[in-house]
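Coordinate inspection notes
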There are 2 protein chains.
Amino acid sequence: MSVDTDSEAREQLIDLAAQFYDQFADGDVPSMEVPTRTKSNIEYDAEKKVWVYGDRTSTRSANSVRGAQKLLKAIYTIDFLAQQLDEDRSSTLRELYYLSESWDLDEAQFSSQDESNDLVEDLEIVSGATREDFHMRPEESGATIMGPLKLREQTRRGEREIHCQEDVGEGGYQIPNNPDTIDFLDNDADFVLAVETGGMRDRLVENGFDEDYNALIVHLKGQPARATRRITKRLHDELDLPVAVFTDGDPWSYRIYGSVAYGSIKSAHLSEYLATPAAQFVGIRPQDIVEYDLPTDPLSDSDVNALESELEDPRYQTEFWEEQIELQLDIEKKSEQQSLASRGLDFVTDTYLPERLTEMGVL
Amino acid sequence: MSVDTDSEAREQLIDLAAQFYDQFADGDVPSMEVPTRTKSNIEYDAEKKVWVYGDRTSTRSANSVRGAQKLLKAIYTIDFLAQQLDEDRSSTLRELYYLSESWDLDEAQFSSQDESNDLVEDLEIVSGATREDFHMRPEESGATIMGPLKLREQTRRGEREIHCQEDVGEGGYQIPNNPDTIDFLDNDADFVLAVETGGMRDRLVENGFDEDYNALIVHLKGQPARATRRITKRLHDELDLPVAVFTDGDPWSYRIYGSVAYGSIKSAHLSEYLATPAAQFVGIRPQDIVEYDLPTDPLSDSDVNALESELEDPRYQTEFWEEQIELQLDIEKKSEQQSLASRGLDFVTDTYLPERLTEMGVL
């Protein structure tokens, strides 16, 4: 949200419009090239340690009525975003879709929200800026932090200095839509523990795990929002903190870990900005289900399908994941993180997490 | 969370166990009577202005193996809850379910989460205390407040005084699981605006609506959690603030309004504690869709069914709702609150809300 980033993002958008202008001026049909965004065009960048788009590209060209209309919409959107950045305002993707109804040219209006969402993603990819740089807000932000961290948030109403234990209620510090408005001031943290469910997050806070182990407890709230993934990455990169991800023990939760550590196919152009490749998976592991004799539910058909699809996903083709997933397919069971309560409400903080995090080298 | 409430709730639970004991001692088969919890046993209490259970009751008696087992589980649960209150600890419903696996008697263990959830609701009804009084936490709390309100929250780590504009980031103040740990200290608020979607909540905060109109913006996050409904009610009752509910314009959103204003069938025993009968519905109204020519989506079959079922629900049998719902069935369209952006990003705060809230007598 700094003026520098704003004017940079604005310039990148204007450059894009200028490129269309130059194509026109040279007598060329205007076009814009974007990476093909499919599973088959995702590859591992060993240097950056994240999954990024491969070399295959698709061209959005004005050589058809449909294509010309797409570029027209892009131009109107660029105009809107440039003005939004000029005025230091912001909007949601959904507002952009509805706002297009007020544009003077009917042909420039979006016919569905998917269309405007896709366009903004295209603009992210082509400009190299992020949606947040354009001041586009998500519909829901949501997650919270509790732990020994003092930060400064730049809000529209001035700066706020907040300590994420001393200055917040039991609900914790609410991560804003764009966490790049945050500066980390001071911390006593040893690591980040990203937790899937609210029930477990509350258990850890009630048991004082953040205080006893100098942990920053980040609540993922299921599949984490971009803001949550971004701040987790920044905590790792800027404060040099290890990141451990603690979820339920089922294929959907392994995907939650994957979206923190590997990034997603849909936003592979942002992996460098959102993913924390060094993030480690705490559990619940299928091995825990066996070792701790946890209460379980049987795997459903869709669980089995999801596990099998993970076995075929290059991101999960490691010794650890193959072993765990095959064990799970074998025992045909899954467990929730709160099932650790079958050994008492303190088992997770007195035994499970300290042992596992020590084993992982986090403690 | 005060010691008084804790020991009161504990006593009410022990009384219940004592009642079983006395029944045994008198040679009677132990039993417990609870109101029948169905749509047909809901009636309007004109004095309290909320919907409550009627006179029909169901008996949980130990006169069958199944019934005896139910009461056994109740006793074990009472024992656990009494100990939890003694130690000033808390747990989630899910933890209770898993924890039962550690109980010494296999017959006392719950066979499903529904069973333990239902039992806790029975205990609420019979004891007259709330789940929060037992220190049972929900899985997710979630919602936030932004506005001119200073409060003090009693946390496990001591008291926190927080101003819900000056001491919070753009995400606002996170409502804790049990908002009865909050004291309202000071406020400049004229009313409460409860808002369904995150996108609209962020729009109002960005446009400074809470500052310009002294509004407490409560984010409902879809169907509101108990904590959100409870704090809304307390803001109304204790600070004498009118409550306006602002949602999308579809039958599911009218139910969100209903759960704030009327309470729900499932928790009719808590209507007095959770419902704000004086809450008014701002919109989006079907009439708005017509008057402001808002962008719409067609009604789906399930939308139509939900509207028709609302017409038959005694809680919606008012002139206002019948007119609006029939209009919507007639135009066969619905609109989201963010569709107001089709008239520009400031229309909602410059025109729509000021006009509507004035008309409603809130401003």
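Read on for a plain summary of the structure.

About the cut-offs
- Residues numbered from 1 in each chain as written.
- Chains lettered and ligands numbered in written order.
- Predicted model: local features only at pLDDT ≥ 70, side-chain atom pairs only at ≥ 80, totals over all residues.
- Heavy atoms only, no water.
- Helix = DSSP H or I, 4+ residues; strand = E, 2+ residues; numbered from the N terminus.
- Contact = heavy atoms within 4.5 Å.
- Buried area = accessible area lost by both parts, 1.4 Å probe.
- Salt bridge = Lys/Arg side-chain N within 4 Å of Asp/Glu carboxyl O.
- Polar contact = N/O pair within 3.5 Å; in protein donor to acceptor, adjacent residues only side chain to side chain.
- Pairing = 2+ DSSP bridges.
- Axes fitted to C-alpha atoms, helices over the stretch in contact; angles between N-to-C directions.
- Least-squares fit on C-alpha atoms with pLDDT ≥ 70 in both.

1. Examining unusual backbone geometry
Residues and elements named next belong to chain A. The omega torsion of the bond from Gly-283 to Ile-284 falls at 5°, within 30 degrees of zero and hence cis. The topology assignment puts Ile-284 in the loop between β15 (280–283) and α10 (286–291). Positive phi outside glycine occurs at Glu-332, with the angle close to 55°. Topologically, Glu-332 is positioned in the loop between α12 (319–331) and β17 (333–334).

2. Side note on the interface of chain A and chain B
Each partner contributes residues to the interface: chain A has 58 residues there, and chain B has 58 residues. In total, about 4800 Å² of surface goes out of reach between chain A and chain B, with carbon and sulfur atoms giving 42% of it. Counting the surface chain A buries against chain B, the share from its top three residues, A:Tyr98, A:Arg157 and A:Glu206, is 16%. Summed over the shared surface of chain A and chain B, the result is 18 salt bridges. A salt bridge links B:Glu95 to A:Arg203, with the nearest nitrogen and oxygen atoms 2.8 Å apart. If you look at where chain A meets chain B, you find 38 residue pairs in polar contact (both at pLDDT 80 or more). Secondary-structure elements contributing two or more residues to the side of chain A that touches chain B are α2 (65–86), β5 (91–92), α3 (93–99), β7 (144–146), β8 (149–155), β9 (158–163), α5 (198–206) and α6 (209–212) of chain A. Counting residues per element, the side of chain A that touches chain B draws most heavily on α5(A), at six residues.

3. With respect to the sheet that holds strand β11 (residues 182–187) of chain A
Pairing between sheet strands relies on hydrogen bonds along the backbone, with the strands arranged either parallel or antiparallel. Residue and element names in this part refer to chain A. Within the open sheet, the three strands sit side by side as β9-β8-β11. Their pairing is antiparallel. Looking along the sheet, the strands with just one partner apiece sit at the ends: β9 and β11. Strand after strand, the sheet turns through a mean of 20° between neighbouring axes, direction not considered. Pairing geometry for β8 and β9, over six bridges, is antiparallel. Bridging from a neighbouring strand, Leu-151 pairs with Ile-162 of β9. Its contacts with the sheet put helix α7 (residues 226–239) on β8 and β11, and the angle it makes with β11 is roughly 50°.

4. A look at the relation of the copies chain A and chain B
At an RMSD of 0.0 Å, chain A and chain B line up after a rotation of 180° and a shift of 0.0 Å along the axis. Classification of the inter-copy transformation places it as that of a two-fold axis. It is A:Gln174 whose C-alpha, among those of chain A, lies nearest the rotation axis, at 3.3 Å.

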